[in-house]
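# Coordinate analysis (summary)
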Amino acid sequence: MVTGAGGQLGADLCRLLEADERVQAWAGLTRGELDVTDAARVRAVVADQARPAKVQGGLVVINTAAWTDVDGAEADEAGAYAANAAAPARLAVACAEAGATMVHISTDYVFDGMADKPYETHDPVAPRSAYGRTKLAGEQAVLELCPAAYVVRTAWVYGASGRNFVRTIAKLARERDTLAVVDDQRGSPTWTVDLAAGLIELAASGARPGIYHCTGGGDTTWYGFARAVVSELGLDPAKVRPTTTGAFPRPAPRPSYSVLSSRSWTDAGLTPPRPWRVALAAAFAESGDALRG
């Protein structure tokens, strides 16, 4: 079962599950079909999905529903908490009651973003934004309330739908002669298709419950990422100019360093996602029209 099936990650999860011959039955529920802040509805839906799933090896719930407006969370932390912490907690309780496995998506924002080497799953957390605080609270609740839970931290996610960096840069590159993009924030771009495939593999792996990191391989800055996007559009990457975070003040502080170590993933025997640049080329080859906005 996939929550948040209308989002960019949820949509790709549903597409991959539909094509996966190993999956006997699945359900993708949009926010309109399952509001994860509705405790009674969550409990009823999970219990209903779990009954037939017991015959097929057990229910897996992949929770992609979340408040993802980082700046908006600064103005409404209570609203972000309801979606990012309270709702996953309710879902975790429902999964525990139904004997289901839960896979919950989290973020690099749980760290302070001041490191100089990739973050391991066990490194100290210290969120600096309302978004990060609410996502950390969600992680903690899921791990406490559902014994069979995976928390998967990821970063810099983009896909063929919704608002994301790739689609924004593609649109602006067609409209402007030059683009100024920050070159002092570093992370690992992650294609939703690769992330979705990894989540499905994790859920079926029998790996120990706990925290995992899954992002595209390698790292770059937003400036480097933007240049790669513009190149995929067949335009001159020189139109992208480097700038600093200070030139674009935002309500929520952005991590300077968001690179997550893949050690937890590979140690569990899971397939590492492709290098981010290879994945970006594949994304444009598969979904170029959609990524162009």
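Please refer to the structure higher up on the page.
It should be emphasised that the depicted structure is a prediction, and the values quoted were computed from it without experimental measurement.

So, about the pattern of salt bridges. With the rule as written, the count across this model stands at 13 salt bridges. As a salt-bridge pair, Arg250 and Asp71 come within 2.8 Å of each other at their nearest N and O atoms. Here Arg250 is found in the loop between β12 (240–243) and α9 (263–267), whereas its partner Asp71 is found in helix α3 (residues 70–75), with 179 residues between them in sequence. We note a salt bridge from Arg263 to Glu120, for which the minimum N-O separation is 3.1 Å. In this pair, Arg263 sits in helix α9 while Glu120 sits in the loop between β4 (101–107) and α5 (130–145), placing the two residues 143 residues apart along the sequence. You can call Arg263 partly exposed: its relative accessible area is 49%. Given a relative accessible area of 13%, Glu120 falls into the buried group.

Here we have six strands laid out as an open sheet, ordered β2-β1-β3-β4-β5-β10, and parallel in their pairing. In this open sheet, the two edge strands, each paired with only one partner strand, are β2 (28–29) and β10 (210–213). Lying on the sheet, helix α4 (residues 77–98) is in contact with β1 (2–3), β3 (60–63) and β4; it crosses β4 at an angle near 160°. Sheet strands touched by helix α7 (residues 192–205): β3, β4, β5 (149–154) and β10. Its angle to β5, the strand with the most contacts, is close to 155°.

A separate point is empty space enclosed by the protein. Unoccupied space between atoms shows up once a probe the size of one water molecule is rolled over them. What the rule picks out here adds up to one cavity of 30 Å³ or more. Roughly 40 Å³ of volume is contained in the largest cavity. Lining of the largest cavity is provided by Tyr109, Phe111, Asp112, Arg128, Ser129, Pro253 and Pro255. Classifying every residue of the lining of the largest cavity gives four nonpolar, one polar and two charged.

The rules we used
- Residues numbered from 1 in each chain as written.
- Predicted model: local features only at pLDDT ≥ 70, side-chain atom pairs only at ≥ 80, totals over all residues.
- Heavy atoms only, no water.
- Salt bridge = Lys/Arg side-chain N within 4 Å of Asp/Glu carboxyl O.
- Helix = DSSP H or I, 4+ residues; strand = E, 2+ residues; numbered from the N terminus.
- Buried < 20%, exposed > 50% of the residue type's maximum accessible area, 1.4 Å probe, protein only.
- Pairing = 2+ DSSP bridges.
- Contact = heavy atoms within 4.5 Å.
- Axes fitted to C-alpha atoms, helices over the stretch in contact; angles between N-to-C directions.
- 1 Å grid on protein atoms, 1.4 Å probe; cavity = no way out; pocket = protein on both sides within 12 Å on 5 of 7 lines; lining within 4 Å.
- Points joined across faces, edges and corners; volume = space filled by probe spheres on them.
- Nonpolar A, V, L, I, M, F, W, Y, C, P; charged D, E, K, R; others polar.

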